[in-house]
Amino acid sequence: MKIDASTVRRLRTERAWSQEQLAASADVSLRTIQRVEADGSASNETRMALAAVFGIDVRALSLRERAPQDSPVPVAACSGAASVRHRAAAWLALPAAGAALLSASGLLPPVVMPLACMLAIAAALYAGLGWYFSGQAALATPARRTVQFGFVFGALALLFASFSATPRAFAVLSLQMTLFACVIRYLADWYFSRRRERSGAAKAGT
């Protein structure tokens, strides 16, 4: 059974690795990586080592078991549970928006309006972003995942800032918090990604 050479090349380039770096991470020779990417020839040990380095199931590298969308990375957002949560959030946004309108027209107490608006915005963003990212392959690097995280975090923070008594000051504070959260998110993601790679390489070598 051969390895899917195009999948190996794509996973390597997504991580900005050279063939030499991939060979060192998988503890195989450079010639082995060149042969894999040329015609897909690989031993079972090489397949297991590459799967461990990329953090995927070894079957995802097989030609006969490739996913229809050409992505060996499982996507959690495609699960039925996630879809149910996104639909529930979309339905929640509607009564929240209605409560905000009723509060603005005087039919509900004024204190309801900011709470209803924030709930409607949060639910709509959750449903919209969840729908947008559904079916998308998991981002390959900590930097790309952090950019996605920063986009969502910053959008929520800035929208909530618009309901503050001092929106400009709150917006500046929100952006500072977003930057700080992104730094922590990136460092944690990078650290645990490296740990998974080292652990996978160690298991493949035993």
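Residues numbered from 1 in each chain as written. Predicted model: local features only at pLDDT ≥ 70, side-chain atom pairs only at ≥ 80, totals over all residues. Heavy atoms only, no water.

### Description of the overall build of the chain
At step 1: Within the chain one finds 8 helices and 0 strands.
At step 2: Reading the chain from its N terminus to its C terminus gives the helix and strand order α-α-α-α-α-α-α-α.
At step 3: Each of the 206 residues in the chain was classed as buried or not, and the buried ones make up 31%.
At step 4: The contacts in the chain between residues at least 6 apart in sequence include a share of 63% that link residues at least 24 apart. (Helix = DSSP H or I, 4+ residues; strand = E, 2+ residues; numbered from the N terminus. Buried < 20%, exposed > 50% of the residue type's maximum accessible area, 1.4 Å probe, protein only. Contact = heavy atoms within 4.5 Å.)

### A closer look at the pattern of salt bridges
At step 1: A complete count under the given rule lists 4 salt bridges for this structure.
At step 2: The closest approach of N and O atoms between Arg185 and Asp189, which form a salt bridge, is 2.7 Å. Of this pair, Arg185 and Asp189 both sit in helix α8 (residues 167-205), separated by 4 residues, roughly a single helical turn.
At step 3: The class for Arg185 is partly exposed, based on a relative accessible area of 28%.
At step 4: By relative accessible area, which is 10% here, Asp189 ends up buried. (Salt bridge = Lys/Arg side-chain N within 4 Å of Asp/Glu carboxyl O.)

### Comments concerning the nonpolar core
At step 1: Grouped together as the largest cluster of nonpolar side chains are 17 residues, with contacts concentrated most on Ile3, Val8, Leu22, Leu50, Phe54, Ile56 and Leu61.
At step 2: Counting residues per element, the ones that place at least two in this core are α1 (5-14), α2 (19-26), α3 (30-39) and α4 (44-54).
At step 3: The biggest single contributor to this core is α4, with 5 residues. (Core = buried A, V, L, I, M, F, W, Y, C linked by side-chain atoms within 4.5 Å.)

### Side note on the side chain of Thr178
At step 1: With respect to the helices, strands and loops of the structure, Thr178 is situated in helix α8.
At step 2: Judged by its relative accessible area of 10%, Thr178 falls in the buried class.
At step 3: Sequence-distant contacts of Thr178, that is, excluding residues within four places in its chain, are made with Gly150, Phe153, Gly154 and Ala157.

### Comments concerning α3
At step 1: Within α3, the full set of buried residues consists of Thr32, Ile33, Val36 and Glu37. Seen end-on, α3 carries its buried residues on one side only, within an arc spanning 125°. Among the exposed residues of α3, those pointing more than 90 degrees away from its buried face are Arg31 and Ala38.
At step 2: Tucked into the core, α3 has its buried residues touching α1, α2 and α4.
At step 3: The positive-phi residue at the C-terminal boundary of α3 is Gly40, with phi of around 80°. (Arc of directions from axis to C-beta.)

### Here we look at the environment of Met118
At step 1: Looking at the secondary structure, you find Met118 in helix α6 (residues 112-133).
At step 2: By relative accessible area, which is 26% here, Met118 ends up partly exposed.
At step 3: Sequence separation between Met118 and Leu156 is 38 residues, and the spatial gap between their C-alpha atoms is 9.4 Å.

### Comments concerning the packing of aromatic side chains
At step 1: In the structure shown here, the tally under the stated rule is 2 aromatic pairs.
At step 2: Note on Trp17 and Phe54: the rings are 6.1 Å apart at their centroids and 15° apart in plane angle, and the pair reads as stacked. Highlighted residues: Trp17 in the loop between α1 and α2 and Phe54 in helix α4, separated in sequence by 37 residues. Neither Trp17 nor Phe54 differs from the other in exposure class; each is buried. (Phe/Tyr/Trp six-rings, centres within 6.5 Å; stacked < 30°, edge-to-face > 60°.)

### Some remarks on a nonpolar patch on the surface
At step 1: Together, Leu179, Val183, Tyr186, Leu187, Trp190, Tyr191 and Phe192 make up an exposed nonpolar region whose accessible area comes to about 710 Å².
At step 2: Position of Tyr186 relative to the elements: it lies in helix α8. (Patch = residues over 30% accessible without salt bridge, like charges linked within 9 Å, V, L, I, M, F, W, Y side chains within 5 Å. Areas by Shrake-Rupley, 256 points an atom, 1.4 Å probe, with all protein chains shown as cover.)

### Here we look at the confidence of the model for the chain
At step 1: Counting all residues, the mean pLDDT for the chain is 75, and 78% of those residues have values of 70 or more.
At step 2: Note that residues 65-79 has pLDDT below 50 and, in this model, 25 contacts with residues that lie over four places away or in other chains. (pLDDT = per-residue confidence, 0-100.)

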